[in-house]
Amino acid sequence: MPQPGPSDARIAVDERAARVRFRRALTLMAFTLVVPGSAQLIAGNRAVGLLAVRVWLASLGTLLVVGVWSWLDNGFALSLAFSPTAMLVIRLYLILGALGWAALFVDAWRIGQPLSLRLPHRRAVVGVNGVLCFSVAGTLLFGSHLAAAQREWLTMFADGDLGTAHQGRYNILLIGGDSGSDRWGLRTDSMTVASVDATTGRTVMIGLPRNMQNFPFREGSVMDEHFPKGFDCDDCYLNGVSTWVGDHTELFPDSETPGIDATVMAVEGITGLDINYWVMVNMRGFERLVDAFGGVTLNVRQRIPVGGLGKDVTGYIEPGRRKLNGHDALWYARAREGSDDYSRMARQKCVFSALASQVSPKQALTNFQEIARASSAMIKTDIPGGALSDFVELALRARTQKISSVSLVPPRIDTANPDIDLVHRMVGKAIDRAEGDLKAARQAADKAAAHADGSDQAGDADQAAGSGEDTARSEKSGNGAGAVTGGSLGSRNDGYVANETDDVAAAC
């Protein structure tokens, strides 16, 4: 005879109870997602739950304070982003947070009594808990990884704080070096001085040809004592200073970078500027950096060979608006076939200017790890770590300003026998012109504000200020590279800028 089964009413009760337990388990997990520790306060270990909730609230409060402070003071945000100690603290906190939050999810699953659930409900709870647990922990661990990458990148900078600006400007020597671990400090492929106003970021780029000869070194320097009449040895060029010093390192017994130190002395003697810092860029690392940013868009004015000289040429970058990957951008910047050093100088300025104008915060965050690795492989510098946040803030201001360009090239400058007094005048007048543009912009804004009235006062002042600033801002092309020439400044030959129209303008 068949055994009597449970009544329909009993089955219905059991099903309702199973659904209640299932919903309860999901609710505990949802509470853990929104407020970690709340599930323990409701149905578990209250001491653990109370501790977790307090940590969570303290974290939210700290995040809110830091966010508001950073919104009101960009310098504070930058100081955090460029502090190795802050990055270490954030990394450790995120790791502990990921582990603790994951443990709370597992405990919430336990509190939900999964073994009392029916098999389909049990599987669903396990799946939901797994997705939530790994999503939250994975996000925190990824943030920890970014903090570690940032800290690793920061370690390439020396200790120290921002030094004193010379006459209100920071002069930074940008050196492009050939690739290879044996080339650092041995051969400089390109040299540019970025003279940046310490307050506004207004920048003048001074390009130095690598084939300059018979130039003086900074007065009183060890190289000046060795070459009192200038760098007049046979086949001695500006880009060969570091190579020459490589055979005479006894002149720099306490220096770790004697070739770069000597190059700085040469640039100071040529330009008459005091160099605050130097940055050396490995061009092969530059290729990797461009790829990390997803390429760079340039307006290619003429056909550029790729791959080397003569029979080594493997292809061409055709004229037109092109988005170049790292490999092609590198060859665009350094190709010699059918070109001269002055054209290469101009193209290099174009590439760096285009990168600076095209990089977005979203790209930087998305590819942060690769960018940090590429930067570490690409850059060697004596800029102290304590100065990074100040320089980044200054660079953000510089993006809104015109970038003027002075290239010390023929016919204005005879690179075999340069007129150093003329070079000093050209550099000085370009800097004076840049400062004059800013002064004119401020005067226009003040004048407009003084004459404005009523509801149109603020709008008229802003319009006049923008008009004044336009006189100090380059005409930006689609890729932003037009800023390299300094707009009309780069096309003049009136005593403060070399005649660079053919090379610079054609390149950009």
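Our structure's up above, just so we're on the same page.
The rules we used
- Residues numbered from 1 in each chain as written.
- Predicted model: local features only at pLDDT ≥ 70, side-chain atom pairs only at ≥ 80, totals over all residues.
- Heavy atoms only, no water.
- Disulfide = S-S within 2.5 Å.
- Buried < 20%, exposed > 50% of the residue type's maximum accessible area, 1.4 Å probe, protein only.
- Salt bridge = Lys/Arg side-chain N within 4 Å of Asp/Glu carboxyl O.
- Helix = DSSP H or I, 4+ residues; strand = E, 2+ residues; numbered from the N terminus.
- Polar contact = N/O pair within 3.5 Å; in protein donor to acceptor, adjacent residues only side chain to side chain.
- Contact = heavy atoms within 4.5 Å.
- Axes fitted to C-alpha atoms, helices over the stretch in contact; angles between N-to-C directions.
- Parallel < 35°, antiparallel > 145°, perpendicular 65-115°, else oblique.
- Pairing = 2+ DSSP bridges.

### Focus on the state of the cysteines
- Under the defined criterion, the tally for this structure stands at one disulfide.
- Between the sulfur atoms of cysteine 233 and its disulfide partner cysteine 236 the distance amounts to 1.6 Å. Across the S-S bond of cysteine 233 and cysteine 236 the torsion is about -110 degrees, and the bridge reads as left-handed.
- Judged by relative accessible area, cysteine 233 falls into the partly exposed class, the value being 23%.

### Here we look at the pattern of salt bridges
- Scanning the entire structure with this criterion turns up four salt bridges.
- Arginine 110 is the salt-bridge partner of aspartate 107, the closest N and O atoms lying 2.8 Å from each other. In this pair, aspartate 107 and arginine 110 are both assigned in helix H5 (residues 84-111), three residues apart and thus about one turn of the helix distant.
- Across the pair arginine 169 and aspartate 197 runs a salt bridge whose closest N-O atoms are separated by 3.9 Å. Taken together, the residues span a long stretch of sequence, with arginine 169 in strand E1 (residues 169-177) and aspartate 197 in strand E2 (residues 188-197) at a distance of 28 residues.
- For aspartate 197, a relative accessible area of 12% translates into the label buried.

### Thoughts on the side chain of arginine 347
- With respect to the helices and strands, the residue arginine 347 is situated in helix H12 (residues 341-358).
- A polar side-chain atom of arginine 347 sits 2.6 Å from the main-chain carbonyl oxygen of alanine 335.

### Here we look at the side chain of threonine 271
- When you line up the elements, threonine 271 lands in helix H9 (residues 258-271).
- Of the polar contacts made by the side chain of threonine 271, one reaches the backbone oxygen of valine 267; its length is 2.8 Å.
- Of the polar contacts made by the side chain of threonine 271, one reaches the backbone nitrogen of leucine 273; its length is 3.2 Å.
- The residues contacting threonine 271, other than those within four sequence positions of it, are Ile206, Leu208, Val423, His424 and Val427.

### Some points on the packing of H5 against helix H6 (residues 119-154)
- For the pair H5 and H6, interaxial distance at closest approach is 8 Å and the crossing angle is 170 degrees. Looking at the two axes, H5 sits roughly antiparallel to H6.

### Remarks on the pairing of strand E10 (residues 403-407)
- Among the five residues in E10, four count as buried, and that is most of the element.
- Looking at chain direction, strand E3 (residues 203-208) and E10 are connected through five bridges and run parallel. Along E10, the bridge assignment pairs isoleucine 206 with valine 406.

Read these as layout, nothing more, since geometry by itself doesn't imply function.
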